[in-house]
Amino acid sequence: MRYTKGVSVWPVGLVGGLMVEKPLMDEHGIVKGFNSAWKPERPFPIDMAGFAINLNLFLDRPQAAFSLTVPGGFQESELLHHLVSSVRDLEPLASNCTKVYVWHTRTEPPKLREEIMYRKKGMPSDAGMEI
Ligand SMILES: *[C@@H]1O[C@H](CO)[C@@H](O)[C@H](O)[C@H]1NC(C)=O
């Protein structure tokens, strides 16, 4: 995380109704999207726990802030769209986003509704992951 030049990203366990919500990589190691099941139409469909921002970049962009007027789930996109122009600019960490080091735990059992849907389609969100 400390080597983040702009905005870095990684998989997060137990969030968005999935075992793992994660960046999807292309064959060149560039982020091409996310596997998110909850509001996947968001420009950056990730959780607050899934990214880091270089402090100098953040201080250079005072317009990058949370908003009181965006719909639920859009704070991440509201913040990030001022800092990077597309998901391709995101810097993948956690060994090309193949490992889970961050868990979005709560003091209640995890809700995995979307995971059940993904598994019915034969697409478990943690396939091939080290968790
Ligand atoms: C990430 O993927 C790229 C492209 O496939 C590769 O060149 C690089 O070595 C990988 N990095 C790690 C840490 O696995």
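Residues numbered from 1 in each chain as written. Predicted model: local features only at pLDDT ≥ 70, side-chain atom pairs only at ≥ 80, totals over all residues. Heavy atoms only, no water.

**Section: the pattern of salt bridges**
In this structure the tally under the stated criterion is six salt bridges. For the salt bridge of Arg119 with Asp126, the shortest nitrogen-to-oxygen distance reads 3.0 Å. Since its relative accessible area comes to 41%, Arg119 is described here as partly exposed. Looking at Asp126, the relative accessible area reads 17%, which means it is buried. Three or more residues joined by partner-sharing salt bridges are found here, namely Arg106, Glu108 and Lys111. (Salt bridge = Lys/Arg side-chain N within 4 Å of Asp/Glu carboxyl O. Buried < 20%, exposed > 50% of the residue type's maximum accessible area, 1.4 Å probe, protein only.)

**Points about the site of the ligand**
Surrounding the ligand, one finds Glu27, His28, Gly29 and Asn96. Here the ligand, which alone exposes 360 Å², has 34% of that area covered by the protein. Grouping the amino acids of the shell around the ligand by side-chain chemistry returns no nonpolar, three polar and one charged. (Near = heavy atom within 4 Å. Areas by Shrake-Rupley, 256 points an atom, 1.4 Å probe, with all protein chains shown as cover. Nonpolar A, V, L, I, M, F, W, Y, C, P; charged D, E, K, R; others polar.)

**A few points about the sheet that holds strand β8 (residues 102–103)**
Pairing is mixed in the open sheet, where three strands are placed in the order β3-β2-β8. Strands with a single pairing partner mark the edges of an open sheet, and in this sheet they are β3 (18–21) and β8. Judged from the three bridges that link them, strand β2 (residues 12–15) and β3 form a sheet pairing that is antiparallel. Across the sheet, Val15 pairs through a bridge with Leu18, a residue of β3. (Pairing = 2+ DSSP bridges. Helix = DSSP H or I, 4+ residues; strand = E, 2+ residues; numbered from the N terminus.)

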